Each structure stands twice: as structure tokens, then as C-alpha cells.
Amino acid sequence: MTKITLPKIKALKQEGRKIVALTVYDYPSARLLDDAGIDLLLVGDSLGNVVQGKTTTLSVTLDEIIYHAEMVVRGVQQSFVVVDIPFPFCQLGAAEAVRAAARIIKETLADAVKFEGGENRASTIAALVDAGIPVLGHCGLRPQEIRQTGGYFVQRESAREQLLRDITAVEKAGAFAVVLECLETALAKEATNLLKIPTIGIGAGPFCDGQVLVFHDFLGYKPEQNRNPKYVRQYADLRLTIFAAARNYAEDVRQSIFPGKEHSF
Ligand code: KIV
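Now for a look at the structure at hand. (Residues numbered from 1 in each chain as written. Predicted model: local features only at pLDDT ≥ 70, side-chain atom pairs only at ≥ 80, totals over all residues. Heavy atoms only, no water.)

**Quick word on the side chain of glutamate 116**
- When you line up the elements, glutamate 116 lands in strand E4 (residues 112-116).
- Side-chain polar atoms of glutamate 116 contact the backbone nitrogen of glutamine 144, separated by 2.9 Å. (Helix = DSSP H or I, 4+ residues; strand = E, 2+ residues; numbered from the N terminus. Polar contact = N/O pair within 3.5 Å; in protein donor to acceptor, adjacent residues only side chain to side chain.)

Right under this line is the structure:
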């Protein structure tokens, strides 16, 4: 088993190999995804939505993301682990961002941080890189700006010029790769061709250098049926599996079928 390092992640684009990424938030899940050969594991601030049941990522704290990331890192031997810098540490300027990111790296031993922001925050990315902290950029739809944008909208042709300025600035500032969230396919393709660093898409079509999905979306691990965004392919139905297992267990206990002799001392 060999650890996936930063140079290996960067080299995948040159080698024409796709980067496979998933979000993850706990130890057993991280161990399974690591064993399955997922290249990059992201402890995303989507934690707020899919684990904490909130409507935005905004309330996830630095302590919470560190708590989850530390568990994830403990379960990983090979995958490259990236941790989101939660709101508002990308927005508060270089000193606060470096302090937050340094805590993340020091207390979790993760490999890198993810940073939401484009042209307007490129100097903060440069400060992080200068501090020796690898940065995965995040452009396109930026959930931490939901209060400004008023919703989770697909980035279309009208957003093209700003998007190209954002990704170029993020690359120039030293990010090793950039997540492109919810872009029209043509735009994501143009962005991917423009950059030397890899792009990792989510809702950005098939032409990015890699793909990321949220753990609970791709496994159907959520209380409501059919609540996935259009860009998700669901590879399992944990909602049904868990529901059926819980019903069977309840029935067995109520009928005195479980525990049986084989479970007793
Ligand atoms: O927080 C997260 O899970 C993310 C992904 C959607 C890329 O930022």
C-alpha cells in the first residue's frame, strides 16, 4: 500500500488519469473508502447538511471539522485527505485563514485544506501555500456564499468571464487543484483545458480531470427518497437497507426471536 502524495495527485492530470474523490466524515467509512482505492477523501463542510441535518454549511465550526477530520485521517492509509476550511475562515483574510488551516493540519494530520474563493481571495490562498499548506481551490457554485447568491445555482455562460478569472487566479496563487461545482459542461471543459492544475468536478459534466460526490448522496444514505441533485448517480440505497434492517430487528425483538441461544452466554 502506498500513500497518495501531493505530487502524485498533481501528476494524474499529466498522465491522463481521472482523480476519484468522495467526501467522508468518520473512521469506518474512511477505512472502507481507503481500502476501495479512492484517490482523494474530502472532509467537506457538507458535514453541516448531510451529518448535522442543517440547510447550509455555514454553521459548521472549526472544532467540528477538526473532530471529524481527525477520525477520517486515523482510518486512512493511502488516500490523500483534504479538509474544508469552514466559514468564515476563508473570508477573514490571510492571517485568520492560515491560523485555521494550520490548526486543521496540526490537529488532524490531513494532507491539505480546501478553500472556497476565487480572484478576490487569491492572496489568502498564496499565504496558505507560502505557509507550507497545500490548497485545493473551490470555484463555481460556492455554498459558503449562499447568503449573497440566494440559492444553489448552476453557473452558466453569463458567469464565464468571472469564473475564468477566478480559476486562473487560484492556479496562479499556488493551489494544487480546483473543485468546480455546478457548471455547465462547456464551461467546465473550457476551464479544464485552460488550467495546468487538475479540475475536480461536482455537477460539472464529464470533462473535468476528476470527480467528487458527497458520501450520503452516492450511497442513498438520507432520510428522504429521491432528494439527490441531478448530477448524482446513486450507487447504493442505504436508506432502504437501514430501514429494512431496523424493521426486521424490531420485529425479532418484539416476537422474542432475537436474541436466541446462539447470542446468549
Ligand atoms: O463540502 C463539500 O462536501 C464540498 C463538495 C461538494 C466538493 O465542498
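**A short note on the sheet that holds strand E6 (residues 177-181)**
- Taken together, the 8 strands give a closed barrel; going around it, the order is E1-E2-E3-E4-E5-E6-E7-E8, and neighbouring strands pair in parallel fashion. Each adjacent strand pair in this sheet contributes to an overall mean axis angle of 25°, direction not counted.
- As judged from the 3 bridges shared by strand E3 (residues 80-84) and E4, these two strands associate in the parallel manner. Paired with aspartate 84 across the strands is lysine 114, a residue of E4.
- The strands touched by helix H4 (residues 62-74) within the sheet are strand E2 (40-43) and E3, with E3 carrying the most contacts at an inclination of about 175°.
- Strands strand E5 (135-140) and E6 of the sheet are contacted by helix H8 (residues 160-172), whose axis makes an angle of about 175° with E5. (Pairing = 2+ DSSP bridges. Axes fitted to C-alpha atoms, helices over the stretch in contact; angles between N-to-C directions. Contact = heavy atoms within 4.5 Å.)

**Considerations on the layout of surface pockets**
- Roughly 250 Å³ of internal volume is contained in the second largest pocket.
- Every residue along the wall of the second largest pocket is listed here: Gly140, Leu141, Arg142, Glu145, Thr149, Gly151, Phe153, Gln155, Ala159, Gln162, Leu163 and Asp166.
- With 3 residues, H8 is the largest single contributor of residues to the lining of the second largest pocket. (1 Å grid on protein atoms, 1.4 Å probe; cavity = no way out; pocket = protein on both sides within 12 Å on 5 of 7 lines; lining within 4 Å. Points joined across faces, edges and corners; volume = space filled by probe spheres on them.)

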